[in-house]
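Examination of the molecular architecture
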Amino acid sequence: MKTYKIPRYILLFFAITLVSFSDPYMIKRISDKNFRYEFYTTEKKVNPKINKTYSWFKGGLIHEAQGGIGGDLLNDKFVKMYHSNQLAEQGEFKNGLRVGLWKTWYQNGVLATTQIWSKGERNGKFFRYNETGSLLEYGKYSSNLKSGRWTNAESKEIITYKKGVIVKEKQIFTKSEKYKAKQDEIKQENAVKSKKELEETNDALKLAQYKAQKEQEKETAKAITQKEREKKATAKKEEQKAKKEAKEKSANEPKQDSKLKSFFKNLFKKKDKSPK
């Protein structure tokens, strides 16, 4: 029975191949329906921090989670491409965390954004462009939050942030703007003053009308009371006059005899008339 001796160079080739496939630092290439990816991984074990977002590779897919790891961490250079081989995103990982300068591109190859990362957090300047390459917005992040002055390159609007919250910035005026603002303020004050004076004048007129009306009502009531008094006085005088006239009339009339006196008087008259 013959035995065959495998040449050393073939054994060396298989050994290198096995080492390459088992090397965690060997570049990996995967794809999905939208992009192709090229990246490296590491088997290094780390204790994930709750406020950090980690990226890892497992089951032929790239995964992300905050405060957790479920596979080999992405490490070193990372490239994402459209299926046209045009760059879509490029940056670098260190033990599953984004670090350094990261860039994204539109499908036409125009730069879309640039962002500085540090230990998995956005820290540093950020720029955003449109598909024609014109700058749209720029500012900076600190610990993943917008910080300082952010500028809208189209509208020139500037917004100031502090720990991700908008801070109302004190507005600076030119001399002409200050003068105009002062004149507008004076005009507004005069308008308010005139309105107040007009309201006070109208109120004074109303008050005068109310007082005049009240005085008229008093005069009318007084006149009615006076007429009532005069009427009562006249009625009293007429009553007194009637009583006086009746008294005078009674005094001039002959006094009538009382019934008893009239009885005896008639009795004596009858006796005188009787025959003797």
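- The protein chain is annotated in an unreviewed UniProt entry as Toxin-antitoxin system YwqK family antitoxin from Flavobacterium artemisiae.

**Some remarks on the pairing of strand β1 (residues 28–31)**
- Residues of β1 alternate between two faces, with K28 and I30 buried on one and R29 and S31 left unburied on the opposite face.
- Inspection of the sheet shows β1 paired to strand β2 (residues 35–42) by four bridges, in the antiparallel sense. Note on β2: the bridge partner recorded for S31 is R36.

**Brief notes about the pattern of salt bridges**
- Considering all chains together, one arrives at nine salt bridges under this definition.
- For E38, the salt bridge identified is with R29, shortest N-O distance 3.2 Å.
- By sharing partners, the salt bridges in this structure join E64, K80, E89 and R98 into a single network.

**Thoughts on the pairing of strand β9 (residues 121–129)**
- The sheet contact formed by strand β8 (residues 111–118) and β9 spans five bridges and is antiparallel. Its bridge partner lying in β9, T113 is registered against R128.
- Hairpin geometry of β8 and β9 is characterised by an intervening segment of two residues between the two adjacent antiparallel strands and by a positive phi of about 55° at K119.
- Where β9 and strand β10 (residues 135–142) come together, six bridges link them in antiparallel fashion. Directly across from F127, in β10, lies its bridge partner Y138.
- Once β9 ends, the chain turns through five residues before running back antiparallel as β10, passing G133 with a positive phi of about 95°.

Basis of the calculations
Counting of residues starts from 1 at the beginning of each chain's written sequence and follows it residue by residue. Under the rules for a predicted model, residues below a pLDDT of 70 receive no local features and side-chain atom pairs below 80 are neither given nor counted, while totals for whole chains, interfaces and linings still include all residues. Water and hydrogen atoms were dropped before computing side-chain values, which therefore reflect all heavy atoms in the structure. Think of it in three bands: residues with accessible area under 20% of the maximum for their type are buried, residues over 50% are exposed, and the middle band is partly exposed, with areas taken using a 1.4 Å probe on protein chains only. Put simply, DSSP marks the helices as runs of H or I at least four residues long and the strands as runs of E at least two long, and each gets a number from the N terminus on. What makes two strands pair is DSSP finding at least two bridges between them. Any carboxyl oxygen of Asp or Glu within 4 Å of a side-chain nitrogen of Lys or Arg constitutes a salt bridge here.

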